[in-house]
Amino acid sequence: MAEPRADILFRRQSDGLFSIFLMNGFQVAAAQAIGQVGPEFKVLGLGDFNGDGRSDILFERTSDGLISIFLMNGFQVIGAQFVGNVGTVPTACYGQPPLSPVQLSER
């Protein structure tokens with residue numbers, strides 16, 4: 001099995017378009033846009049929410065605390081769903097293991 005590598009998730013502020021750079025050290029192995037999310041959502045973190053060994057994206061809608069997850073397989077969003085609401089009280093997000101930018105694809 002390949003050693004996990006960190007990849008880069010970008011968001012274009014003008015329209016909310018997300019792109020991923022799959023990295024190999026300093027080299028971009030592949031890059032692709034994956035879709036748009038409205039400006040009312042912020043990224044809380046990345047983590048493996050479905051146990052497939054790949055990072056998924058956790059979002060929060062800032063106006064009301066609605067939580068959403070994009071389940072990812074490389075560049076492909078394989079599922080997206082609202083999962084709950086934490087309200088508008090400022091919160092910190094923690095995970096087990098801690099949410100972090102980790103492997104977005106299996107190489």
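Look up: the structure comes first, before these words.
Here goes a summary of the coordinates provided. This is a predicted model, so every value here is computed, not measured.

### Looking at the packing of aromatic side chains
In total, this model carries four aromatic pairs according to the counting rule given. Taking 6.3 Å as the distance between ring centres and 20° as the angle between the ring planes, the aromatic pair formed by phenylalanine 41 and phenylalanine 82 counts as stacked. You can see phenylalanine 41 sitting in strand β4 (residues 41-47) and its partner phenylalanine 82 sitting in strand β7 (residues 76-85), a full 41 residues away along the chain. When its relative accessible area of 9% is taken as the criterion, phenylalanine 41 is described as buried.

### Observations regarding the side chain of aspartate 56
Secondary-structure assignment places aspartate 56 in strand β5 (residues 56-61). The charged side chain of aspartate 56 is buried without a salt bridge, its nearest counter-charge being arginine 54 at 8.2 Å. Side-chain polar atoms of aspartate 56 contact the backbone nitrogen of phenylalanine 49, separated by 2.8 Å. For aspartate 56, the side chain forms a polar contact with the main-chain nitrogen of methionine 72, separated by 2.7 Å. Not counting residues up to four positions away in its chain, the partners in contact with aspartate 56 are Gly45, Leu46, Gly47, Asp48, Phe49, Asn50, Ile69, Phe70, Leu71 and Met72.

Here is what the cut-offs are and how they apply
Residues numbered from 1 in each chain as written. Predicted model: local features only at pLDDT ≥ 70, side-chain atom pairs only at ≥ 80, totals over all residues. Heavy atoms only, no water. Phe/Tyr/Trp six-rings, centres within 6.5 Å; stacked < 30°, edge-to-face > 60°. Helix = DSSP H or I, 4+ residues; strand = E, 2+ residues; numbered from the N terminus. Buried < 20%, exposed > 50% of the residue type's maximum accessible area, 1.4 Å probe, protein only. Lys, Arg positive; Asp, Glu negative; His and termini not counted. Salt bridge = Lys/Arg side-chain N within 4 Å of Asp/Glu carboxyl O. Polar contact = N/O pair within 3.5 Å; in protein donor to acceptor, adjacent residues only side chain to side chain. Contact = heavy atoms within 4.5 Å.

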